[in-house]
Amino acid sequence: MKSLKVQQHPLSPAQRQIETLEQSAFTPFAEKLDLIGLLPLKPTHLDIFQINMGKMCNQVCKHCHVDAGPDRKEIMTRDMMELCLIAIRKTSVTTIDLTGGAPEMNPDFRWFVEELSALGKKIIVRCNLTIIVANPKYNDLPDFFKKHQIEVVSSLPYFTAIKTDSQRGEGVFEKSIKALKMLNEVGYGIEGSNLIINLVYNPAGAFLPAAQHALELEFKLKLWKQYGIVFNSLFAITNIPVNRFLNYLITSNNYEGYMEKLVNAFNPGAAAGVMCRNTISVSWDGYLYDCDFNQMLELNVSTPLSRHLSDFNTEILENRNIVVNEHCYGCTAGAGSSCGGTTV
Amino acid sequence: MKTYYNPEDLKKFGNIGEFEPNLAKKFFDYYGEVFKEGALTAREKSLIALAVAHAVQCPYCIDAYTVDTMEKGCDEQQVMEAVHVAAAIKGGALLVHSVQMMNKFKELSM
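Thresholds, definitions, all that
- Residues numbered from 1 in each chain as written.
- Chains lettered and ligands numbered in written order.
- Predicted model: local features only at pLDDT ≥ 70, side-chain atom pairs only at ≥ 80, totals over all residues.
- Heavy atoms only, no water.
- Contact = heavy atoms within 4.5 Å.
- Buried area = accessible area lost by both parts, 1.4 Å probe.
- Salt bridge = Lys/Arg side-chain N within 4 Å of Asp/Glu carboxyl O.
- Polar contact = N/O pair within 3.5 Å; in protein donor to acceptor, adjacent residues only side chain to side chain.
- Nonpolar A, V, L, I, M, F, W, Y, C, P; charged D, E, K, R; others polar.
- Core = buried A, V, L, I, M, F, W, Y, C linked by side-chain atoms within 4.5 Å.
- Buried < 20%, exposed > 50% of the residue type's maximum accessible area, 1.4 Å probe, protein only.
- Helix = DSSP H or I, 4+ residues; strand = E, 2+ residues; numbered from the N terminus.
- Pairing = 2+ DSSP bridges.
- Domains from an automatic or database assignment.
- Disulfide = S-S within 2.5 Å.
- Arc of directions from axis to C-beta.
- Axes fitted to C-alpha atoms, helices over the stretch in contact; angles between N-to-C directions.
- Lys, Arg positive; Asp, Glu negative; His and termini not counted.
- Patch = residues over 30% accessible without salt bridge, like charges linked within 9 Å, V, L, I, M, F, W, Y side chains within 5 Å.
- Areas by Shrake-Rupley, 256 points an atom, 1.4 Å probe, with all protein chains shown as cover.
- Parallel < 35°, antiparallel > 145°, perpendicular 65-115°, else oblique.
- Left-handed = near helix turned anticlockwise from the far one by under 90°.

Draft legend 1. Up close: the interface of chain B and chain A. Taken together, the eleven residues of chain B in the interface contact 14 residues of chain A. Buried area between chain B and chain A, summed over both chains or domains, comes out near 890 Å², and the portion from carbon and sulfur atoms is 45%. Run the count over chain B and chain A and you get four salt bridges. The salt bridge involving glutamate 260 of chain A is made with lysine 11 of chain B; its shortest N-O contact spans 3.5 Å. Put simply, chain B and chain A have nine residue pairs in polar contact (both at pLDDT 80 or more) between them. For the side of chain B that touches chain A, the residue count by class is three nonpolar, two polar and six charged.

Structure (structure tokens):
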């Protein structure tokens, strides 16, 4: 399967996606925020520095909001990573969150992690698991992660092959199980090891995620009983209507129903706790966004004074107005959704 | 009215209070209490509801509880097993009546 971009799919341009979202007949998200006194949406404080290291990936997941895949060549250069390090030193962020694509495919990934590690911050790597077994050169990633005390966050949409593979591609479940066993072998998920592996559940279709705690218990039971696998926490994440998931919704005639579901499930508590209030998202080419979804929709941070790593200014960013649009309903539905799971 | 069943009518379920608000309120309060997490989990209750929905052959309920079980983390195998439980009870309920038929048959036979 090719990415939407390489297919030159009509929905691939960010502007086309925004037009689609804005044409819908429901109450605009900004109005909803205004009704509960949250407009303009402001940051609370900058705590998480999330870096999208590129769109290259060894998988082509059907729901991917990045539209990542092997045919995407946009990846962060070492020069841009240097600018990230300079920017991070200007902040008091506690967490560096590395995502992609598959960030491990970036040739400077290990160098960057080593540099970040020296800053003494918590480092999260969003690892798709299969990359660990994709090529012998990645087989030692569990040891590398362990060496730098990296928190690994990995998608596993379900504890069965049929559901996982339907979303993430043929054979992904079996490879993911193999990779999880390799992570367990070096201590990840093992009590007392302080090596954290968290899994991410997201629905394989046009419906909302189940209660996070109940799912976590079921995943733990099934993965332990069937495969002897352990992990720390499960994050239940709502699919956001951006890129391939938006395309799936439209082509399966589920778009209106799904958006209606998100709008009806709007939760003011979840709106107050959205992740963009304590996060800054950096793209492979150094531009700044309120979150990874805004990044994919090319909705830059609103302030013209700190739009790129080269003019990164913490004070300006902490006082910006966060850019919202209709996809934001995904983060405020039900128990809320963020890169760390539910928010309420 | 073009059809007896319209998927859009499911969203109007709450409107039944328009003709009789007091009883509707009591029903929906009761309904909400029934489906709360209790000795059974909300997920178990949802699977029971899905099975009963098939037994009573209510298209609105099948629609609603298919979505609800999916949103409670159930997969295809689990929801189909629940439907088979309903089918087994429905089939068993029919077949056990054949004892009555056999009794009558034998009663009238030499």
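Next comes the rest of the description.
Draft legend 2. Inspection of the nonpolar core at higher detail. Residues and elements named next belong to chain A. In this structure, Phe49, Ile51, Leu98, Phe112, Phe145 and Phe219 are the most contacted members of the largest nonpolar core, which totals 62 residues. Setting aside its immediate chain neighbours within four residues, isoleucine 51 contacts Met76, Cys84, Ile88, Ile96, Asp97, Leu98, Thr99, Phe112 and Val282. Of all hydrophobic cores here, the second largest spans 42 residues; its members include Ile18, Phe29, Ala68 and Cys339.

Draft legend 3. Broad picture of the pairing of strand 7 (residues 279–282) of chain A. Residue and element names in this part refer to chain A. Going residue by residue along strand 7, you find Thr279 and Ser281 tucked away on one face and Ile280 and Val282 tucked away on the opposite face as well. Taken together, the four bridges between strand 1 (residues 48–52) and strand 7 define a ladder with parallel strand orientation. Its bridge partner lying in strand 7, isoleucine 48 is registered against threonine 279. Across two bridges, strand 7 lies against strand 8 (residues 288–289) in antiparallel orientation. Bridging across to strand 8, valine 282 finds its partner in leucine 288. Here strand 7 folds back onto strand 8, and the loop between the two strands holds five residues, one of which, glycine 286, carries a positive phi near 90 degrees.

Draft legend 4. Molecular detail of the domain arrangement of chain B. Residues and elements named next belong to chain B. By domain assignment, chain B separates into domain 1 (1–34) and domain 2 (40–108). Distance from the C-alpha centre of domain 1 to the C-alpha centre of domain 2: 23 Å. With seven residues of domain 1 at the contact, the number on the domain 2 side is six residues. A buried area of about 560 Å², summed over both sides, lies between domain 1 and domain 2, and 59% of it is on carbon and sulfur atoms. Where domain 1 meets domain 2, there are zero salt bridges. Our count for the contact surface shared by domain 1 and domain 2 stands at two residue pairs in polar contact (both at pLDDT 80 or more).

Draft legend 5. Inspection of the state of the cysteines at higher detail. Considering all chains together, one arrives at one disulfide over all chains under this definition. The side chain of cysteine 58 of chain B participates in a disulfide bridge whose partner is cysteine 61 of chain B; the two sulfur atoms lie 2.5 Å from each other. With the S-S dihedral at roughly 75 degrees, the linkage between cysteine 58 of chain B and cysteine 61 of chain B falls on the right-handed side. The thiol of cysteine 276 of chain A is unpaired, and the distance to the nearest cysteine sulfur, on cysteine 291 of chain A, comes to 6.1 Å.

Draft legend 6. Just the pattern of salt bridges, in detail. Residue and element names in this part refer to chain A. A complete count under the given rule lists 21 salt bridges over all chains for this structure. In this structure, the salt-bridge partner of arginine 78 is aspartate 108, at a minimum N-O distance of 3.0 Å. One end of the pair, arginine 78, is in helix 4 (residues 78–89); the other, aspartate 108, is in the loop between strand 2 (95–99) and helix 5 (109–117), and 30 residues separate them in sequence. Using a relative accessible area of 37% as the deciding quantity, one classes arginine 78 as partly exposed. For aspartate 108, a relative accessible area of 16% translates into the label buried. In this structure, arginine 320 and aspartate 290 form a salt bridge, with 2.6 Å as the shortest nitrogen-oxygen distance.

Draft legend 7. Structural context of helix 2 (residues 14–22) of chain A. Residue and element names in this part refer to chain A. Among all positions of helix 2, only Ala14, Gln17, Ile18, Thr20 and Leu21 are buried. Angularly, the buried residues of helix 2 cover 160 degrees about the axis, an arc narrow enough to put them on a single face. In the core, the buried residues of helix 2 are packed alongside helix 11 (243–251), helix 12 (255–264) and helix 14 (292–296).

Draft legend 8. Here's a closer look at the sheet that holds strand 3 (residues 122–126) of chain A. Residue and element names in this part refer to chain A. Pairing is mixed across the open sheet formed by eight strands, whose spatial order is 6-5-4-3-2-1-7-8. Two strands bound the open sheet, and with one partner strand each, they are strand 6 (234–236) and strand 8. Of the pairings in the sheet, the one linking strand 1 to strand 2 comprises five bridges and is parallel in character. In the sheet register, phenylalanine 49 faces strand 2, and the bridge partner there is isoleucine 96. Most of the contacts of helix 10 (residues 212–227) go to strand 6, to which it runs at about 135 degrees, and overall it touches strand 5 (197–201) and strand 6.

Draft legend 9. Quick peek at the side chain of arginine 277 of chain A. Residues and elements named next belong to chain A. Within the secondary structure, arginine 277 is located in the loop between helix 13 (268–272) and strand 7. Within the buried core, arginine 277 has no salt-bridge partner, and the shortest N-O distance to an opposite charge, that of aspartate 290, equals 10 Å. At 2.9 Å, the side chain of arginine 277 and the backbone oxygen of alanine 272 are in polar contact. For arginine 277, the residues in contact, after removing those within four places along its chain, are Leu38, Leu41, Lys42, Pro43, Thr44, His45, Ala272 and Ile322.

Draft legend 10. Structural detail: a nonpolar patch on the surface. All names here are of chain B. Where nonpolar side chains cluster on the molecular surface, the patch consists of Phe13, Ile16, Phe27, Tyr30 and Val34 and spans about 460 Å² of accessible area. Secondary-structure assignment places tyrosine 30 in helix 1 (residues 21–34). Overall, the relative accessible area of 55% leaves tyrosine 30 in the exposed class.

Draft legend 11. Seen up close, the packing of helix 2 (residues 42–55) of chain B against helix 3 (residues 59–70) of chain B. Residues and elements named next belong to chain B. Packing of helix 2 against helix 3 leaves a shortest axis separation of 9 Å and a crossing angle of 155 degrees. One element, helix 2, and the other, helix 3, form an angle in the roughly antiparallel class. Here helix 2 runs over helix 3; the crossing is left-handed. Where helix 2 abuts helix 3, its residues Ser46, Leu47, Ala49, Leu50, Ala53 and His54 lie against Cys61, Ile62, Tyr65, Thr66, Asp68 and Thr69.

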